[in-house]
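One-letter residues, chain by chain:
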Amino acid sequence: MNDTEIRALLADVLAGIAPEADLATVGDDEDLRAALDLDSMDFMNLVIGLHQRTGIDIPEADVPKLFTLRGLTGYLAR
Amino acid sequence: MSDAVADFLMPSLGADMESAKVVEWLVKPGSRVKPGDVVAVVETHKGAIDVEIFLDGVIEDLAPLNQQLPVGALLAHVRGTGGGGTQAPAKAAAAPVQPAPVPSPPPPTAPLSGARGRVSPAARRRAEEAGIAADSLHGTGPDGAVTLADVELALSAGPKPAPAEPARAGRSGFDPAQMRQAIAAAMGRSKREIPHYYLGTTVDFHAAQTWLDGYNASRPPPERLLPAVLLLKATARALVQVPQLNGFHGKDGFSPGPGIHIGWAISLRGGGLVAPALHDVDRQELPALMTSLRDLVQRARTGGLRSSELTDPTITVTSLGERGADSVLGVIYPPQVAIVGFGRIVERPWVVAGNVAPRPLVTLSLAADHRASDGHLGGRLLAAIDEALQDPANL
């Protein structure tokens, strides 16, 4: 997946978790949890959504790599 | 066959509800209903709630839709088919209710169509509210995506863009202003009437965190657990030992709850709070509890809580989560007699076997009703929660 596809996927998954969240307002290195007001349950649902849509396992130890847009797109692009 | 007719009344879905309107009947006049069936959807300040019936028979005389009706208003008649016992539904809400099987999550409320992709969800939502077609706007976001700012700009710019097709009829969410009033009323009553006492203690979360990390490490995302389920289960275990804090205060003093039904405080996006019940938490295995918790939070936010979930909580637990404050002193939700609070789990210096070591700690608190208990008993509850968290494998 390229960067655009990953962002579109993320926006899609987020729409079911935080409908008012607007990715366009989030900087690449901002913490998504703070920027979009996601609690631990929301973020877990986000990881589950990304896992289900991409088939990537995302081990628990890797979850912190997804806290920023840059980290998330980099991780899923591999 | 008995012809006894019972009244199905607008239930009271918590101390903070005065009225609601029926927005959908899920049965037709003449339908057969039995206890536990969801028969109607009512719109309250907590959003759309699925109302269960606790009568057995044939339902008729359905109240009209979209009229604001007070608690206790007649919603329908139920003609009994069995022994003819007529049971007031208002009372039925307090009767022990078996935990319903975990329902499949409701369909996503986000509008889905093939055309999406270049409109951010927030922008789409705002555009739908305003009745304009977001796709027709000029986008300034990444790759020309239409952002919330673009929609706001279009809305402020005068001539209306092309009207959208009528939005799919869906459950509308709660009204934040109404919910604020309702919270104010319930919490005002709590602070006026309930003589609160407060206790706090710091709990070493090391054993629980270590166990949790080990559990989650080998599991795919959908099977992982959050610390919240350990906190919930430990609280439920402790309440088995200290049942005097699990129940209700009424005219005749304290009455114990019919089970350990923990109201889990969920903050709603856009403001507001609801604390629906997780049923029989002491008897649920952790994975099942996690599934119930995810389902409950999802339904609290998208509509679809059941009436019993709002009336059944025997105690409330509030957890501030990973980005919250270090501690919380709760306000009791009447007629409950206690609320347990967990602050954020933080790494701090802690003395272990005579040495200072970094440890994940959580501040555990209790606010309880002095009419029902004293600090000594409250202290026993907190100690029992602490103890349960030190042995996570047995939760």
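Here, every reference points to the structure presented above.
Everything in this summary refers to the structure shown in the same document.

Basis of the calculations
Residues numbered from 1 in each chain as written. Chains lettered and ligands numbered in written order. Predicted model: local features only at pLDDT ≥ 70, side-chain atom pairs only at ≥ 80, totals over all residues. Buried ≥ 20, exposed ≤ 12 C-beta atoms within 10 Å, placed from the backbone. Helix = DSSP H or I, 4+ residues; strand = E, 2+ residues; numbered from the N terminus. Arc of directions from axis to C-beta. Contact = placed C-beta atoms within 7 Å. Pairing = 2+ DSSP bridges. Axes fitted to C-alpha atoms, helices over the stretch in contact; angles between N-to-C directions. Parallel < 35°, antiparallel > 145°, perpendicular 65-115°, else oblique. Left-handed = near helix turned anticlockwise from the far one by under 90°. Core = buried A, V, L, I, M, F, W, Y, C linked by C-beta atoms within 7 Å. Domains from an automatic or database assignment.

## Some words on helix 4 (residues 69-77) of chain A
All names here are of chain A.
Moving on, step 1. What helix 4 keeps buried is the set Leu69, Leu72, Thr73 and Leu76. Down the axis of helix 4, the smallest arc covering the buried residues is 95°, so these residues share one side.
Moving on, step 2. In this fold, the buried residues of helix 4 make contact with helix 1 (3-15), helix 2 (32-35) and helix 3 (40-54).

## Description of the environment of Arg371(B)
All names here are of chain B.
Moving on, step 1. Checked against the element boundaries, Arg371 lands in the loop between strand 20 (355-369) and helix 9 (375-389).
Moving on, step 2. Spatially, the C-alpha atoms of Arg371 and Arg299 are 34 Å apart, while their sequence positions differ by 72 residues.
Moving on, step 3. Once residues within four sequence positions are removed from consideration, Arg371 is found in contact with Pro195 and His249.

## A look at the sheet that holds strand 7 (residues 68-70) of chain B
Residue and element names in this part refer to chain B.
Moving on, step 1. A sheet is described by the order of its strands in space; here five strands give the open sequence 7-2-4-5-16, paired in mixed fashion. Where the open sheet ends on each side, the last strands, each with one partner, are strand 7 and strand 16 (305-306).
Moving on, step 2. As defined by bridge partners, strand 2 (residues 19-25) adjoins strand 4 (residues 38-44) across four bridges and the pair is classed as antiparallel. Along strand 4, the bridge assignment pairs Val22 with Val42.

## With respect to the pairing of strand 19 (residues 346-352) of chain B
Residue and element names in this part refer to chain B.
Moving on, step 1. For strand 19, a buried count of zero out of seven residues is recorded, marking the element as mostly open to its surroundings.
Moving on, step 2. Inspection of the sheet shows strand 19 paired to strand 20 by seven bridges, in the antiparallel sense. Bridge assignment links Trp350 to a residue of strand 20, and that residue is Ala357.
Moving on, step 3. Connecting the antiparallel pair strand 19 and strand 20 is a turn made up of two residues, with Ala353 showing a positive phi of about 50°.

## Looking at unusual backbone geometry
Moving on, step 1. With an omega of 5°, the peptide bond running from Pro334(B) to Pro335(B) counts as cis.
Moving on, step 2. Relative to the elements of secondary structure, Pro335(B) occurs in the loop between strand 17 (315-319) and strand 18 (338-342).
Moving on, step 3. Despite not being glycine, Ile58(A) shows a phi value in the positive range, around 50°.
Moving on, step 4. Along the polypeptide, Ile58(A) turns up in the loop between helix 3 and helix 4.
Moving on, step 5. Residue Ile58(A) is classed as partly exposed on the basis of its 18 C-beta neighbours within 10 Å.
Moving on, step 6. Of note, Ala353(B) is a non-glycine position whose phi angle comes to about 50°, a positive value.

## With respect to the packing of helix 6 (residues 227-241) of chain B against helix 9 of chain B
Two packed helices can be described by the angle between their axes and the distance between those axes.
All names here are of chain B.
Moving on, step 1. At a closest axis distance of 8 Å, the pairing of helix 6 and helix 9 adopts a crossing angle of 130°. What the angle tells us is that helix 6 and helix 9 run oblique. Every pair of crossing elements has a handedness; the one defined by helix 6 and helix 9 is right-handed. Judged by residue contacts, Leu230, Ala234, Thr235, Arg237, Ala238 and Gln241 of helix 6 engage Leu381, Ala384, Ile385, Ala388 and Leu389 from helix 9.

## Focus on the nonpolar core
Moving on, step 1. In this structure, Leu14(A), Leu232(B), Ile262(B), Trp264(B), Leu293(B) and Ala338(B) are the most contacted members of the largest nonpolar core, which totals 104 residues.
Moving on, step 2. No fewer than three residues from each of domain 1 (5-92) and domain 3 (176-394) of chain B sit in this core.
Moving on, step 3. Excluding anything up to four places from it in sequence, Ala338(B) contacts Leu245(B), Ile315(B), Ile332(B), Leu366(B), Ala367(B), Ala368(B) and Asp369(B).

## A closer look at the environment of Val356(B)
Moving on, step 1. Its location among the elements puts Val356(B) in strand 20.
Moving on, step 2. What Val356(B) contacts, discounting residues up to four positions off in sequence, is Pro349(B) and Val351(B).

## Some details on the sheet that holds strand 1 (residues 5-9) of chain B
Strand pairing in a sheet relies on backbone hydrogen bonds. The paired strands run either parallel or antiparallel.
Residues and elements named next belong to chain B.
Moving on, step 1. Read from one edge to the other, the open sheet built from four strands follows the order 1-8-6-3, with strand pairing classed as antiparallel. If you trace the sheet from one side to the other, it starts and ends with strand 1 and strand 3 (32-33), each paired once.
Moving on, step 2. Here strand 3 runs beside strand 6 (residues 57-60); their pairing, made up of two bridges, is antiparallel. The residue bridging Arg32 from the neighbouring strand is Val58, located in strand 6.

Note that every value here comes from positions in space, so none of it alone points to a role or purpose.
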